[in-house]
Structure formats: C-alpha cells, structure tokens
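Chain by chain, the residues:
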Amino acid sequence: AAGTALGTPVGSGGIRRFVIAPSNPQVIYVLKGTSFSKSTDGGTSFADITGTLPVGSAYPTNLDVSNTDANKVWVTFSGYDATAKVYKSVDGGSNWIM
C-alpha cells in the first residue's frame, strides 16, 4: 500500500525537531529553522504557531509536548537574550508565556 505524503511545515532549512503528541497522534509539532508549526490532522497540513516567540533575538533549540495534554508545549532558546530561555503554551501554540 502506498503511504500518504505529509504536508510541509512552515520555515526554511531542515527540520530540527519533530514531536508527535503521545496523548493524540494527530497532533504534531515541528521546529524548522526558526519557525514552529503544528498539525492537528496527522501531518496532512501545518499551521504557523511561531507567534510572539522571540525568534529574532534568540535561537530556538528544542520543543516538547506534554505526555497527557496535546495542547501543552514547551520551547527552549539559546543565544543573545538572557531572559528568553523557555516558553510554554497551554493552548496548542496560540499564545506563549515565559
């Protein structure tokens, strides 16, 4: 049987992190370059959830999702901004808090 092609996450460059939510395998988060994407349909399509994350002043290094809640996401940064290290979203990337 032929597989189904996945949609294209936003951003440029290679995919640096690809996380499938353990509590809902239809939810996928992707870090590609300095952009964050989310799919809610198993990877068929992706939406940009970079939002207010400080990608202009800090370098995104990782992302992870809760084991029990597909809407809880954390992203980490390194680089020039000492205050921009870890951000969290409790609504699937619609809003980010430090």
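Below: a short report on this structure.

Cut-offs applied
Residues numbered from 1 in each chain as written. Predicted model: local features only at pLDDT ≥ 70, side-chain atom pairs only at ≥ 80, totals over all residues. Heavy atoms only, no water. Pairing = 2+ DSSP bridges. Helix = DSSP H or I, 4+ residues; strand = E, 2+ residues; numbered from the N terminus. Axes fitted to C-alpha atoms, helices over the stretch in contact; angles between N-to-C directions. Buried < 20%, exposed > 50% of the residue type's maximum accessible area, 1.4 Å probe, protein only.

Points about the sheet that holds strand β6 (residues 73-79)
- The antiparallel open sheet is built from 3 strands, whose spatial order is β5-β6-β7. A strand with exactly one partner marks an edge of an open sheet, and here the two such strands are β5 (58-65) and β7 (86-89). Taken over all neighbouring pairs, the strand axes of this sheet differ in orientation by 20° on average, direction set aside.
- Bridge count for β5 against β6 is 7 bridges, and the pairing is antiparallel. Bridge pairing in β6 places Ala58 opposite Gly79.

A short note on the pairing of strand β3 (residues 35-39)
- Counted residue by residue, β3 has 5 buried out of 5 residues, so it is predominantly covered.
- Side chains of β3 alternate between two faces, with Ser35, Ser37 and Ser39 and Phe36 and Lys38 buried alike.
- As judged from the 5 bridges shared by strand β2 (residues 28-32) and β3, these two strands associate in the antiparallel manner. Bridge pairing in β3 places Tyr29 opposite Lys38.
- Between the end of β2 and the start of β3, which pair antiparallel, lie 2 residues, with Gly33 showing a positive phi angle near 65°.
- Bridge count for β3 against strand β4 (residues 47-48) is 2 bridges, and the pairing is antiparallel. Within β4, the position partnered with Lys38 by the bridge is Ala47.

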